[in-house]
Amino acid sequence: MSLPVFSVDEVPAAGRTALSGPEGRHAATVRRIGVGEQLLLSDGRGGMARCSVTSTARDSLELDVEESWLVPRPALRVRLAQALVKGDRGELAVELATEAGVDGVLPWKAARCVARWDDGPRGAKALGRWRSTVAQAAKQARRPWTPEVGEPVTTRQLSRVVAEADAAVVLHESASTPLASVDLPAEGELVLVVGPEGGVGEDELAVLTEAGAQAVRLGPSVLRASTAAAVALGALGVLTHRWDV
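What you see is a predicted model, and the numbers here were worked out from it, not measured in a lab.

What counts as what
- Residues numbered from 1 in each chain as written.
- Predicted model: local features only at pLDDT ≥ 70, side-chain atom pairs only at ≥ 80, totals over all residues.
- Heavy atoms only, no water.
- UniProt positions renumbered as here; feature names shortened; annotations may be inferred.
- Helix = DSSP H or I, 4+ residues; strand = E, 2+ residues; numbered from the N terminus.
- Buried < 20%, exposed > 50% of the residue type's maximum accessible area, 1.4 Å probe, protein only.
- Pairing = 2+ DSSP bridges.
- Axes fitted to C-alpha atoms, helices over the stretch in contact; angles between N-to-C directions.
- Contact = heavy atoms within 4.5 Å.
- 1 Å grid on protein atoms, 1.4 Å probe; cavity = no way out; pocket = protein on both sides within 12 Å on 5 of 7 lines; lining within 4 Å.
- Points joined across faces, edges and corners; volume = space filled by probe spheres on them.
- Nonpolar A, V, L, I, M, F, W, Y, C, P; charged D, E, K, R; others polar.
- Patch = residues over 30% accessible without salt bridge, like charges linked within 9 Å, V, L, I, M, F, W, Y side chains within 5 Å.
- Areas by Shrake-Rupley, 256 points an atom, 1.4 Å probe, with all protein chains shown as cover.
- Salt bridge = Lys/Arg side-chain N within 4 Å of Asp/Glu carboxyl O.
- Expected span 1.5 Å × (residues − 1).

**Student:** When you look at the UniProt feature "domain: Ribosomal RNA small subunit methyltransferase E PUA-like" (unreviewed entry) in the protein chain in this model, what are you seeing that I'm missing?
**Tutor:** Here, UniProt's "domain: Ribosomal RNA small subunit methyltransferase E PUA-like" (unreviewed entry) annotation points to residues 19-65. As annotated, residues 19-65 comprises 21% helix and 45% strand, and the C-alpha atoms at either end are separated by 11 Å.

**Student:** Mind showing me how you'd approach unusual backbone geometry here?
**Tutor:** Backbone geometry places R32, a non-glycine residue, at a positive phi of 50 degrees. Tracing the sequence through the fold places R32 in the loop between helix 1 (21-30) and strand 3 (38-42). You can call R32 exposed: its relative accessible area is 66%. Here the phi dihedral of R142 falls at roughly 60 degrees; this positive angle occurs in a residue that is not glycine. As for its placement among the helices and strands, R142 is situated in the loop between helix 3 (121-140) and strand 8 (148-149). The exposure class of R142 is partly exposed, given its relative accessible area of 31%.

**Student:** Sorry, what's going on with the sheet that holds strand 3 here?
**Tutor:** Paired through their backbone hydrogen bonds, the strands of a sheet run either parallel or antiparallel. Strands sit in the order 1-3-4-5-2 across an open sheet of 5 strands; the sheet is mixed. If you trace the sheet from one side to the other, it starts and ends with strand 1 (5-7) and strand 2 (15-19), each paired once. Averaged over all pairs of adjacent strands, the angle between their axes in this sheet comes to 40 degrees, without regard to strand direction. Against the sheet, helix 1 contacts strand 1, strand 2 and strand 5 (61-70), and its axis sits at roughly 155 degrees relative to strand 1.

**Student:** Would you explain the layout of surface pockets in this entry?
**Tutor:** Over the atoms rolls a probe the size of a water molecule, and its path tells where empty space is left. Its volume calculated, the second largest pocket comes out at about 350 Å³. Forming the walls of the second largest pocket are 21 residues, and the residues nearest its centre are L171, H172, E173, V222 and L223. Of the residues belonging to the lining of the second largest pocket, the class tally is 11 nonpolar, 6 polar and 4 charged.

**Student:** Can you help me understand a nonpolar patch on the surface in this one?
**Tutor:** Side chains of L218, L223 and V231 sit close together on the surface and give an oily, nonpolar patch of about 210 Å² of accessible area. Considering the arrangement of structural elements, one finds L218 in the loop between strand 11 (214-216) and helix 6 (228-239).

**Student:** Before we go on, may I ask you to explain the sheet that holds strand 10 (residues 188-194) in this structure?
**Tutor:** Ordered in space as 8-7-6-10-9-11, the 6 strands form an open sheet in which the pairing is parallel. At either end of the open sheet lies a strand with only one pairing partner, and these are strand 8 and strand 11. Where strand 9 (residues 167-171) lies against strand 10, 4 bridges are found, and the strand directions are parallel. Of the residues in strand 10, the one forming a bridge with A167 is L190. Seen against the sheet, helix 6 touches strand 6 (76-83), strand 9 and strand 10 and runs at an angle of roughly 145 degrees to strand 10.

**Student:** Help me understand helix 6 in this model?
**Tutor:** With 12 residues, helix 6 ought to run about 16 Å at 1.5 Å a step, and its terminal C-alpha atoms sit 16 Å apart, in line with that. A228, A229, A232, L233, L236 and G237 are the residues of helix 6 that are buried. Residues of helix 6 that are buried sit in contact with strand 6, helix 2 (89-99), strand 9 and strand 10.

**Student:** When you look at the pattern of salt bridges in this model, what are you seeing that I'm missing?
**Tutor:** Pairing between side chains becomes possible if they bear opposite charge and their charged atoms approach one another. Throughout the structure, instances matching the rule amount to 13 salt bridges. Among the salt bridges present, the one from R50 reaches E66, with a minimum N-O distance of 2.5 Å. Here R50, found in strand 4 (residues 47-56), pairs with E66, found in strand 5; they are 16 residues apart in sequence, far enough to count as distant. Of the residues examined, E66 reaches a relative accessible area of 38% and is grouped as partly exposed. A salt bridge links R50 to E67; its shortest N-O distance comes to 3.2 Å. Here R50 is found in strand 4, whereas its partner E67 is found in strand 5, with 17 residues between them in sequence. Taken together, the shared-partner salt bridges connect E10, D43 and R45 into one network.

Encoded structure:
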């Protein structure tokens, strides 16, 4: 059984340390991790440490750091531009994408989005839910790197991200090019664009392809906006060296 992972600001290199705060409380009172058991600490930036519990308290654990290491980023990083999705399907989309290995997320204010994030407290709250969902999913999946969720972007802003990337693909139901036939880079950044339930508009597709993106399809079925990214990331794991571990 794999060891549970707990988040810390900094991973200690060696010696003794304490796990306190919300993570320590969860480990001690919810998970009921006892003396002699092992766990992993992660800083979300590639730092990992395997520790043994030496003593327990009500809301903290004392730990002995047995081993620490740094996990490098993958050579090819995938940044997901995920269109805003109504209800909890947006959170499901970023949760599944995180479990599937995405390296970064950009909320995209596509034209056909039913969900609208304003620039005030409601928009900030929605963004916070995405970030919290990604952080929890990364920990659940035992990922050493927690994907960064950026600020929401418009189509024009997204086109600039696409132009600066090493490659970009837009999932589109009418595309004739299969993802499997695209010449993907071995390293750098690949932007994966997933539209809303209403699809990517022709004007938006034109802007993104002019910036360098390529319209592709995954297969004969039309996927939901909440699941398309995870399916595409699985395909990219096989089509590139991202899963060569």
